[in-house]
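# Structural characterization, general
Residues per chain are reported as follows:
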Amino acid sequence: MKVTFLGTGAGIPAKERNVSSIALHLHNDSLFWLFDCGEATQHQILHTPIKLRKINSIFISHLHGDHIFGLPGLLGSRSFQGAETPLTVYGPVGIQHFIETSLKVSTTYLKYPIHFKELENDGVIYEDNEYIVTTQLLEHGIDSYGFRVDQKEQAGSLLMDKVVAAGIPPGPILKDLKVGRSVTLQDGRVFHGEDFIGPPKKGKSVAVLGDTRFSSRSIALCKGVHTLVHEATFAHKDEQIAHEYFHATTEEAAKVAKLSRVEQLILTHISSRYQKDDMKQLLLEAKEVFPQTYIAEDLKTFQI
Ligand SMILES: [Zn+2]
Ligand SMILES: [Zn+2]
């Protein structure tokens, strides 16, 4: 899994940072999930290898404009580019009304089916054979959700050394062994898949939080996750303003990372009041609490 930051600013677009959006790369870049879709997200996507038709899910943390104003345009362009595969939008109550009204008023017709899942409770909102997505209400001026994506445990790989040592010839028979089946060779020897498969591999995981104050709810959602993407709208010295506006500071984001025992923290949603030269300081104050911290930049990709 990888994440690409399409917009890393707070509130309004700035030259260096567009408003919020993050793309999660799945299945070797053949599928993408979007988290939030601020204005001009589709312009940012033009600078990446992401194709709109490969996005099949969009998760919206909350209904503030800097997280949703890019939706109508992006949805329309996806249709214009010929996408016919369905798309699901997850988000707080009201997201369906916003999208349907924007499309209707602008007479935008989508050639693909669009589904809505409005969030009303915490817990699992999506599950398939490989991934499970959990959501948790955070602490912001309006309902704002965090999303956690866990990849399920992956089957171990075929131990080729053992296969060769046992004298099993290459061919389709190896596929059966890999999925744990028993096979019988032409000479009558029988082998069991379980004897040739390595230990299962732990799945990857990432949590993408919407706008929020420092909150124990964040910690509950992020426990043990590999990568935490947390807002850091304000510097530590502006802690009071952060609290008043229902946002978090660099240091508070780092505290969540530390208390959740994550592997790495990526800070985003940086206020435009901080210039490029301030980034060193913002990063430093987070690293003092949680060393494995990075600051996101527009169009930057991180490995999970
Ligand atoms: Zn915001
Ligand atoms: Zn907000």
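Preceding block: the structure.
Described below are features of the structure shown in this document. Bear in mind that the values here come from a model prediction, so they are computed numbers and not experimental data. (Residues numbered from 1 in each chain as written. Chains lettered and ligands numbered in written order. Predicted model: local features only at pLDDT ≥ 70, side-chain atom pairs only at ≥ 80, totals over all residues. Heavy atoms only, no water.)

### Some details on the layout of surface pockets
In this structure, the largest pocket encloses a volume near 390 Å³. Lining the largest pocket we find 19 residues, and of these Glu-16, Arg-17, Gln-275, Lys-276 and Met-279 sit closest to its centre. Where the lining of the largest pocket is concerned, the elements lending two or more residues are helix 10 (279–287) and strand 15 (293–295). Considering only residue class, the lining of the largest pocket consists of nine nonpolar, four polar and six charged. (1 Å grid on protein atoms, 1.4 Å probe; cavity = no way out; pocket = protein on both sides within 12 Å on 5 of 7 lines; lining within 4 Å. Points joined across faces, edges and corners; volume = space filled by probe spheres on them. Helix = DSSP H or I, 4+ residues; strand = E, 2+ residues; numbered from the N terminus. Nonpolar A, V, L, I, M, F, W, Y, C, P; charged D, E, K, R; others polar.)

### Digging into the coordination of the zinc ion (ligand 2)
Taken together, His-62 (NE2), His-64 (ND1), His-140 (NE2) and Asp-211 (OD) make up the full set of protein donors to the zinc ion (ligand 2), lying 2.2 to 2.4 Å away. Angles of 88 to 168° at the metal separate the four donor atoms of the zinc ion (ligand 2), which places the site in the irregular class. Sequence positions of the donors to the zinc ion (ligand 2) reduce to the motif H-x1-H-x75-H-x70-D. For His-64, a relative accessible area of 29% puts it in the partly exposed group. The exposure class assigned to His-140 is buried, which follows from its relative accessible area of 9%. (Donors = N, O, S within 2.8 Å, 3.2 Å for Na, K, Ca; no water. Tetrahedral: all angles 85-135°; square planar, octahedral: opposite > 155°, others 65-115°. Buried < 20%, exposed > 50% of the residue type's maximum accessible area, 1.4 Å probe, protein only.)

### Quick look at the coordination of the zinc ion (ligand 1)
Protein coordination of the zinc ion (ligand 1) is provided by Asp-66 (OD), His-67 (NE2), Asp-211 (OD) and His-269 (NE2), with donor distances spanning 2.2 to 2.3 Å. The site at the zinc ion (ligand 1) holds four donor atoms, and with the angles between them running 91 to 170°, its shape is irregular. Counting the intervening residues between successive donors of the zinc ion (ligand 1) yields the motif D-H-x143-D-x57-H. A gap of 3.5 Å separates the zinc ion (ligand 1) and the zinc ion (ligand 2), which Asp-211 links by coordinating each metal. Taken together, the residues span a long stretch of sequence, with His-67 in helix 2 (residues 65–68) and Asp-211 in the loop between strand 12 (205–209) and helix 7 (216–222) at a distance of 144 residues. For the residue pair His-67 and Asp-211, the accessibility class agrees, reading buried in each case.

### Side note on the side chain of Thr-250
By secondary structure assignment, the location of Thr-250 is in helix 9 (residues 250–260). On the accessibility criterion, Thr-250 (1% relative accessible area) is buried. Residues within four places of Thr-250 in sequence aside, it is in contact with Ala-232, Phe-234, Ala-235, His-236, Leu-267, Leu-282, Glu-285 and Ala-286. (Contact = heavy atoms within 4.5 Å.)

### Side note on the sheet that holds strand 14 (residues 264–268)
As summarised here, the arrangement of the seven strands in space is 7-8-9-12-13-14-15, forming an open sheet in which the pairing is mixed. The open sheet has two free edges, formed respectively by strand 7 (123–127) and strand 15, since each of these has just one partner strand. Strand after strand, the sheet turns through a mean of 20° between neighbouring axes, direction not considered. Bridge analysis of strand 13 (residues 227–231) against strand 14 gives five bridges, and the strand direction is parallel. Bridge pairing in strand 14 places Glu-231 opposite Thr-268. (Pairing = 2+ DSSP bridges. Axes fitted to C-alpha atoms, helices over the stretch in contact; angles between N-to-C directions.)

### A short note on helix 10
Every buried residue belonging to helix 10 is among Met-279, Leu-282, Glu-285 and Ala-286, and all of these are buried. The buried residues of helix 10 all sit within an arc of 135° when viewed along its axis, so they share a single face. Contact partners of the buried residues in helix 10: helix 9, strand 14 and strand 15. (Arc of directions from axis to C-beta.)

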